[in-house]
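# Report on the structure
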Amino acid sequence: MDLYVERQCVEGMKAGDSRQFLLLFDGYFADLYKYVVRRVGPSEEANEIARLTFLDALGQIKNTPIDIGYNIWLYSLARPRVWDKMGRDSFPAVQGLIAKTEDVSEKVGDEELVDKFNK
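Overview of the structure. Computed from a prediction, not measured in an experiment: that's the story for all the values here. Going along each chain's sequence as written, the residues are numbered from 1 onward. Note on the predicted model: pLDDT of at least 70 is required for a residue's local features to be given, and 80 or more for side-chain atom pairs to be given and counted; whole-chain, interface and lining totals, by contrast, use all residues. Hydrogens and water are ignored here; the side-chain numbers use all heavy atoms of the structure.

## Observations regarding the overall build of the chain
For clarity, the threshold we go by: Helix numbering and strand numbering both begin at the N terminus, where a helix is a DSSP run of H or I of at least 4 residues and a strand a DSSP run of E of at least 2. A 1.4 Å probe rolled over the protein chains alone gives each residue an accessible area, and that area as a share of the maximum for its type sets the label: buried under 20%, exposed over 50%, partly exposed in between. Contact criterion: two residues are considered in contact whenever any of their non-hydrogen atoms come within 4.5 Å of each other.
Within the chain, the secondary structure is distributed over six helices and zero strands. When the helices and strands of the chain are placed in sequence order, the string is α-α-α-α-α-α. Here the chain holds 119 residues, and 29% of them are scored as buried. In the chain, the proportion of contacts linking residues at least 24 apart, taken out of those at least 6 apart, comes to 57%.

Pasting the structure below:
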């Protein structure tokens, strides 16, 4: 979207014309979705993050900056949700320091296990 048209949409949106928001949504949803997917991977949650970001933007119409690009502002609104998703995905599924993969005591007798440990 052209910066001049973008600025007109933002100013119209601040004046109460909700159709301007729809123009911005149509113009920037694909870019925002790509931004989110590059960080969290393609999923239903990526789509949800993009949509919730636009709802955040809609709720902050009066605070929408004019001096920066609208898509850059959207990225800054999406960033906390993206970081939260990345943080949740970075924890392992199994909690704890040691995961038991096989029962060693069945394969080796307890006395043999103690002997190996003491050596």
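## Some details on the packing of helix 2 (residues 18–40) against helix 4 (residues 70–90)
Rules: For helices, the fitted axis covers only the stretch in contact; all axes are lines through C-alpha atoms, and the angles between them, taken along N-to-C directions, range from 0 to 180 degrees. Note: crossing handedness is left-handed where the near helix turns anticlockwise from the far helix by less than a right angle, and right-handed where it turns clockwise. Under the convention adopted here, Pro, Cys and the residues Ala, Val, Leu, Ile, Met, Phe, Trp and Tyr are nonpolar, Asp, Glu, Lys and Arg are charged, and Gly plus all remaining residues are polar.
Where helix 2 contacts helix 4, the two axes come as close as 10 Å, and the packing angle between them is 40°. For the crossing formed where helix 2 meets helix 4, the hand is right-handed. Contacts between helix 2 and helix 4 involve Phe21, Leu24, Tyr28, Asp31, Leu32, Tyr35, Val36, Arg39 and Val40 from the former and Tyr70, Asn71, Leu74, Tyr75, Ala78, Arg79, Val82, Lys85 and Met86 from the latter. Looking at the contact of helix 2 with helix 4 residue by residue, the class counts come to 13 nonpolar, one polar and four charged.

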